[in-house]
4 protein chains.
Amino acid sequence: MRGFGMYSVDNVGWIEKDRPECGPLDAIIRPTIIAPCSSDIHVAHGGSGPKENVILGHEAVGIVDEVGSYVRRFKPGDLVAVPCVTPNWLSRGVQNFRSFSHDQGPSGSFKFVGQKDGVMAEYFHVNQADPNLAHIHPGVAPEAALMTVDMMSTGFHGVELADVGIGEKVVVLGIGPVGLMAIAAAALRGASQIIAVGTRPAAVRVAHEYGASDIISYHDGPLDEQVKAMTRGKGVHKVIVAGGGPEAFAQAIRMTRPNGVISNVNFFDISDKIAITPLDWGLGMGDKDIRGSFCPGGGKRIQRLINMIEYGRIDPTRMISHRFHGFDAIPEAFALMDQKAPDLIKPVVYLD
Amino acid sequence: MRGFGMYSVDNVGWIEKDRPECGPLDAIIRPTIIAPCSSDIHVAHGGSGPKENVILGHEAVGIVDEVGSYVRRFKPGDLVAVPCVTPNWLSRGVQNFRSFSHDQGPSGSFKFVGQKDGVMAEYFHVNQADPNLAHIHPGVAPEAALMTVDMMSTGFHGVELADVGIGEKVVVLGIGPVGLMAIAAAALRGASQIIAVGTRPAAVRVAHEYGASDIISYHDGPLDEQVKAMTRGKGVHKVIVAGGGPEAFAQAIRMTRPNGVISNVNFFDISDKIAITPLDWGLGMGDKDIRGSFCPGGGKRIQRLINMIEYGRIDPTRMISHRFHGFDAIPEAFALMDQKAPDLIKPVVYLD
Amino acid sequence: MRGFGMYSVDNVGWIEKDRPECGPLDAIIRPTIIAPCSSDIHVAHGGSGPKENVILGHEAVGIVDEVGSYVRRFKPGDLVAVPCVTPNWLSRGVQNFRSFSHDQGPSGSFKFVGQKDGVMAEYFHVNQADPNLAHIHPGVAPEAALMTVDMMSTGFHGVELADVGIGEKVVVLGIGPVGLMAIAAAALRGASQIIAVGTRPAAVRVAHEYGASDIISYHDGPLDEQVKAMTRGKGVHKVIVAGGGPEAFAQAIRMTRPNGVISNVNFFDISDKIAITPLDWGLGMGDKDIRGSFCPGGGKRIQRLINMIEYGRIDPTRMISHRFHGFDAIPEAFALMDQKAPDLIKPVVYLD
Amino acid sequence: MRGFGMYSVDNVGWIEKDRPECGPLDAIIRPTIIAPCSSDIHVAHGGSGPKENVILGHEAVGIVDEVGSYVRRFKPGDLVAVPCVTPNWLSRGVQNFRSFSHDQGPSGSFKFVGQKDGVMAEYFHVNQADPNLAHIHPGVAPEAALMTVDMMSTGFHGVELADVGIGEKVVVLGIGPVGLMAIAAAALRGASQIIAVGTRPAAVRVAHEYGASDIISYHDGPLDEQVKAMTRGKGVHKVIVAGGGPEAFAQAIRMTRPNGVISNVNFFDISDKIAITPLDWGLGMGDKDIRGSFCPGGGKRIQRLINMIEYGRIDPTRMISHRFHGFDAIPEAFALMDQKAPDLIKPVVYLD
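Because the structure is a prediction, the values reported are computed rather than measured.

1. What about the overall build of chain A?
A tally of helices and strands in chain A yields 9 helices and 17 strands. Over its C-alpha atoms chain A spans a radius of gyration of 20 Å, differing by no more than 12% from the 20 Å that the globule rule assigns to 352 residues. Referenced to the eigenvectors of the C-alpha coordinate spread, the extents of chain A come out at roughly 60 × 40 × 40 Å. A burial count over chain A gives 68% of its 352 residues as buried. When the accessible surface of chain A is split by element, carbon and sulfur atoms take 52% of a total near 11,300 Å². In chain A, the 33 positive side-chain charges and the 38 negative ones have mean positions that sit 8 Å from each other.

2. A few points about the relation of the copies chain D and chain A
Mapping chain D onto chain A leaves a residual RMSD of 0.0 Å; the transformation is a rotation of 180° accompanied by 0.0 Å of translation along its axis. One copy is carried onto the other by what is essentially a two-fold rotation axis. Considering only C-alpha atoms, the part of chain D nearest the rotation axis is D:Ala275, at 2.2 Å. By residue overlap, the copies meet face to face through one surface: 100% of the interface positions of chain D are interface positions in chain A.

3. So, the interface of chain C and chain B
On the side of chain B, 37 residues touch chain C, which itself brings 37 residues to the contact. Buried area between chain C and chain B, both sides added, is near 3,300 Å², and the carbon and sulfur share of it is 57%. Considering only the side of chain C, the residues that lose the most area to chain B are C:Arg98, C:Asn259 and C:Met285, jointly responsible for 20% of the buried surface there. Between the two partners, chain C and chain B, sit 4 salt bridges. A salt bridge links B:Asp289 to C:Arg98, with the nearest nitrogen and oxygen atoms 3.0 Å apart. Class assignment of the residues belonging to the side of chain C that touches chain B gives a composition of 17 nonpolar, 13 polar and 7 charged. Here 3 bridges tie strand S14 (residues 274-276) of chain B to strand S14 (residues 274-276) of chain C, and the two strands are oriented antiparallel to one another. Within the sheet, the bridge partner assigned to B:Ile276 lies in S14(C) and is C:Ile274.

4. Considering helix H3 (residues 142-161) of chain C
All names here are of chain C. Its 20 residues place the ends of H3 27 Å apart at the C-alpha level, agreeing with the 28 Å of an ideal helix rising 1.5 Å per residue. Along H3, the helix axis deviates most sharply at threonine 148, where the bend reaches about 55°. Of all 20 residues that make up H3, 18 are buried, and the element is covered over most of its length. One or two positions beyond H3, positive phi appears at aspartate 163, with a value near 55°.

5. As for the sheet that holds strand S4 (residues 54-55) of chain B
Residue and element names in this part refer to chain B. With antiparallel pairing, 3 strands are arranged side by side in an open sheet as S2-S1-S4. What marks the edges here is a single partner per strand, and that holds for strand S2 (11-16) and S4. Inspection of the sheet shows strand S1 (residues 2-8) paired to S2 by 6 bridges, in the antiparallel sense. The residue bridging phenylalanine 4 from the neighbouring strand is tryptophan 14, located in S2.

6. Here we look at the relation of the copies chain C and chain B
Under the fitted operation, chain C is carried onto chain B by 0.0 Å of movement along the axis and a turn of 180°, and the coordinates agree to an RMSD of 0.0 Å. A high fraction, 100%, of the interface residues of chain C reappear at the interface in chain B, so the copies pair face to face through one surface.

7. With respect to the interface of chain D and chain A
Each partner contributes to the interface: chain D provides 37 residues, whereas chain A provides 37 residues. Here chain D and chain A share an interface that buries about 3,400 Å² over both sides, 57% of which is from carbon and sulfur atoms. When the area that chain D buries against chain A is broken down by residue, the three leading residues are D:Arg98, D:Asn259 and D:Met285, summing to 20%. Where chain D packs against chain A, one counts 4 salt bridges. Viewed at the interface, chain A and chain D are joined by 27 residue pairs in polar contact (both at pLDDT 80 or more). At the level of secondary structure, the elements contributing two or more residues to the side of chain D that touches chain A comprise strand S13 (256-264), strand S14 (274-276) and strand S15 (288-292) of chain D. Class assignment for the residues of the side of chain D that touches chain A results in 17 nonpolar, 13 polar and 7 charged.

8. Overview of the domain arrangement of chain A
Residue and element names in this part refer to chain A. Split by domain assignment, chain A resolves into domain 1 (2-146 + 315-350) and domain 2 (158-292). Relative to domain 2, the C-alpha centre of domain 1 lies at a distance of 28 Å. Facing 13 residues of domain 1, the contacting portion of domain 2 comprises 11 residues. Summed over the three residues of domain 1 that lose the most area to domain 2, namely Arg318, Met319 and Ile345, the buried surface amounts to 53% of that side. The interface formed by domain 1 and domain 2 includes 1 salt bridge. Along the contact surface separating domain 1 from domain 2 lie 5 residue pairs in polar contact (both at pLDDT 80 or more). The class makeup of the residues in the side of domain 1 that touches domain 2 is 6 nonpolar, 2 polar and 5 charged.

9. Observations concerning the packing of aromatic side chains
Aromatic ring pairs are described here by two measures, namely the spacing of the ring centres and the angle between the planes. In this structure the tally under the stated criterion is 36 aromatic pairs over all chains. Summarising the aromatic geometry, the rings of C:Phe249 and C:Phe268 are spaced 5.6 Å apart at their centres and angled 85° between planes, so their arrangement reads as edge-to-face. Here C:Phe249, found in helix H7 (residues 246-254), pairs with C:Phe268, found in the loop between strand S13 (256-264) and S14; they are 19 residues apart in sequence, far enough to count as distant. By the ring-pair criterion, three or more aromatic residues cluster together here, those being A:Phe4, A:Trp14, A:Phe327 and A:Phe334.

Conventions and cut-offs
- Residues numbered from 1 in each chain as written.
- Chains lettered and ligands numbered in written order.
- Predicted model: local features only at pLDDT ≥ 70, side-chain atom pairs only at ≥ 80, totals over all residues.
- Heavy atoms only, no water.
- Helix = DSSP H or I, 4+ residues; strand = E, 2+ residues; numbered from the N terminus.
- Rg over C-alpha atoms; globule rule 2.2 N^0.38 Å.
- Buried < 20%, exposed > 50% of the residue type's maximum accessible area, 1.4 Å probe, protein only.
- Areas by Shrake-Rupley, 256 points an atom, 1.4 Å probe, with all protein chains shown as cover.
- Lys, Arg positive; Asp, Glu negative; His and termini not counted.
- Charge placed at Lys NZ, Arg CZ, Asp CG, Glu CD.
- Least-squares fit on C-alpha atoms with pLDDT ≥ 70 in both.
- Contact = heavy atoms within 4.5 Å.
- Buried area = accessible area lost by both parts, 1.4 Å probe.
- Salt bridge = Lys/Arg side-chain N within 4 Å of Asp/Glu carboxyl O.
- Nonpolar A, V, L, I, M, F, W, Y, C, P; charged D, E, K, R; others polar.
- Pairing = 2+ DSSP bridges.
- Expected span 1.5 Å × (residues − 1).
- Bend = angle between axes of the 7 residues up to and from the residue.
- Polar contact = N/O pair within 3.5 Å; in protein donor to acceptor, adjacent residues only side chain to side chain.
- Domains from an automatic or database assignment.
- Phe/Tyr/Trp six-rings, centres within 6.5 Å; stacked < 30°, edge-to-face > 60°.

The following block contains the structure:
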């Protein structure tokens, strides 16, 4: 079968591979819509080391093509959303009440691209279909469901991790797709003022639609000073970090009130130097939690997000800025993501 | 000064009293808008015992008329919202991380009517002004702020107490003002399906506006059976009890899934007999929490709710079904509440 | 193979069955020590309906005899503790952050006796060995490890469910093995005063050893009055219900302070009538949570409890009041449990 | 009256001041036992800026000498413990469910030395006596109660902040008095293995008495490597930072498992450079919370800790290594603390 991936660092293209094999608990999916993600780009450029000959992509909806003999909830022909994080539920790492993301080591529940081929292929493999897939109900647009598997799940998680409460003031750093979903989630958790940080015009417009009350820019001075000026000198209760580097992170700590949370769902580079300035952190005693977490895994999570779409609580398709058609359009969509076109938010590719 | 209250059980009218005195930490408020509440009616009919010669009312916004010598945040002339629950912050009962409602014994933080005269008067007393009052920002309608002091705070609290999570399914029992605010809060905490229980047409319409996806009626059979039929036999994750008696409460337990919560913010009568049927409660092991709590107290809570109005997250004035003008209209508004007019949701009285 | 079980209600004895078959994720265990539990007795007398021809028992340690082809962490010959609750980790019911007990419906994670044969046999079956078994480290006595699989896990869970905090006052209803472990756990979570309720002398002595500061009896008047007399009229922060019927439960609510928790890990009968008296429950607004939960499942839980034994934090073998030897002694141990001998706390049977 | 304090940075001695005045909510205390704390030393050397003419000390028990006209719970002659953190309960900053430490800005609830004279005087002032003082019951040694006001409260808080759970593995960095109390608290919250980091022989002995299972030293290589070697390569669930500088902090992150917590109750210097290495922190997604908090305030907290002593759950006096007698001995005790004598853990001075 054919897939789009990386031959080696900075070298992407079509790859020919065997159709993956289906274990007794697993499923083989034929994707119908996929979306490239900035972390695919990151990997392609060597961000997670010198990978070779691996199919990219971890955001897909599709049709179940085959299931293992122990699978009960899914059958060939079912339309499903595939979480980008698919834990091994038989591992010890999921037996806790905080996250299912680290099944067998840090972020071990992330299988696509990292541990096996990704979803930009004619077929791809999903471990443990029963716990990890989610049905797409009739009445929910598949492209909307596609937005749940990473962007919506991760952005919402940032807000849940920050424990945003009724009436709280929130900053969201970054207005890429994850940041936009964090804005929507902050509004959906009852925030009052939501200050988003970013500049790209297309994203700024959608940020307002999702509930941002103010948009500020890195270009207009230190973020913490801008935020304090907008909050009578107090700063905010919660900051969701969905973009920006170490400098913005330091400013995030500075703009957070005591008893607040800095909640990171952003990917840091191994070479980044994140620093906590004691004065900003109450000399170690300021009750400003610094949390950082990974997109939650499993089918139930995605099912609940799909339910939100079904009941009209959110329309994540507002983020879709570019639509491509046909398997052959994958490279173009990927290139668009790589070049960060000015009007880009999120591209999707309809495969059939 | 003049106030509207009860001479004795079932006997209400104008009462002449001295203007209350202001302690050094306290404030005297001249109310500008008040709202009768069903619990005022309850008290007037002897629901909390044989009270005599007490001014009723616990929902007000107004102008600060006088402050004690230790008050720092408020001064005469300030427009304020007055929480219906005003804890004694110097008590031991507030030193916990669950609720500030029980300052010196159960529900001890509720001062109006229960422990002293209420707000339906030319002037009323507020203990500890600094921690207990909230400024109403310019740009927030005072009548909107009035809705925060009990209805919105209590209804939202029911949802917070239930710990409603992203994508969860929720039932709200009752579509009086507290139930309506619980519906709004469920939507604002990210619920997917919200099933409300009630019949009064005016309230049904507003329930839909606040986010109810379905409305069911007590008249159409056992609620748990209706709810299960609407949720593929599973029931819901959370039930907010904002109305209904013991029978509805039993049905609430029955319609809740394991790991769910039944969250009560409803007032039960001393004579009610609440029963838990073991089979409905997993024989004691079903992980269905039964919680019951009181409207949270303090100025910061109300400030945060006012912030939500300021940033356009909710418009609680949709609940206001009747508007009266002038101090002399209080008895009429009270009578309307007492008679439960079919089109009634919430009446308010503008005093000046 | 031979097992001890019930032919029908009130009719127990040896049963001959085929050795169970091992699925690809599963294990077959040869038990080396088992302990009868009062819930086995309950089942034998028809407490969970008219079962027939089922092997009893759900507390065992033993030797792995066979594992399925997908099992990685365990191999034949390993000495293991077997949790009495062994969830299906591939179910949707475990994908939450509150409990893993309800995998496919209420208490669905409890497999032994309820859904298949129990452990009082030459061999028994464990579903999903990797997530569900726990190694017994050298240096931990197998009979100590045996205490973790239900008694210690359930008793500790009652205290965790109650969220017992530093310096809080706690009542434990019942001083059977679960109650004794709740006493130990309350001390191990930092409680100050621990009042236990019970009368049997052997258990009273052990209750003191595990940390009970006071023991009171049902015979000396209403429990809530006794508890209030011992706490300057205030009652306690938390009550763990590990015994007693509906009447004691009502007293438990009464003796709990606002912001407290009544935490039930006791089995109620379908015919029990549990009532909440509004006055005791703050008229529905007293912030007294009523929780009821099931023994947590999975191997990691049991591993952590075994770690506590290994590091000398607790010695659960003080509960073992009777030791029997040989497979043929099972009926005698079972009968002892059934008759509730006065000096009985917990019997164990060494099978080899 | 006479007090011991600092004239200026690095210049301590007796200071003559007027007896403080008592506000209507306040109390004046005559201390009977005080304890110098390393943070007094820190202040004396200019660690919190160039203070002048301020009496030092924030750990005391004593006799109530005078109370304001609104004080109800305390009267002259009462023996009390004085929390080192005494919030202004009328501030907005305490109206949250996470901490009462930041009443009017970061760590604003810390009044002694920072905002007014400390306790090393013939008399000292306590704001808001009713919520902030705690009675010492007969039967509790005053010197034991003295240990609760900072050392025990702070050390226990580190463990509570880390949310140490049943059977978890814990590292405590530092075995000064706060670290020792963190060790005790970890055991009292149900930890299994407790690894403490430190070298001073007197403290090592007491660390074992309080429950440390292992003691390691900074001198034997990177702490994270030592800890991983002791935990089969996995690291621990929780780290309590009660000592060590930025380098040890970085190692703390490294030795923590996913879903773990690094809980800091240590004072960082403005000049310290705390760094988070992305690889150690799961590239921002490792679910390792970094928390830092201040000693909790208020009388109820201290009352609960005293209750633990009363019920024999802990004996904090094992930390007292040096006892001095008489007011005139304060300088000697202070000098001992300043010089960090090798056998020093905690000195106390009996004033009468």
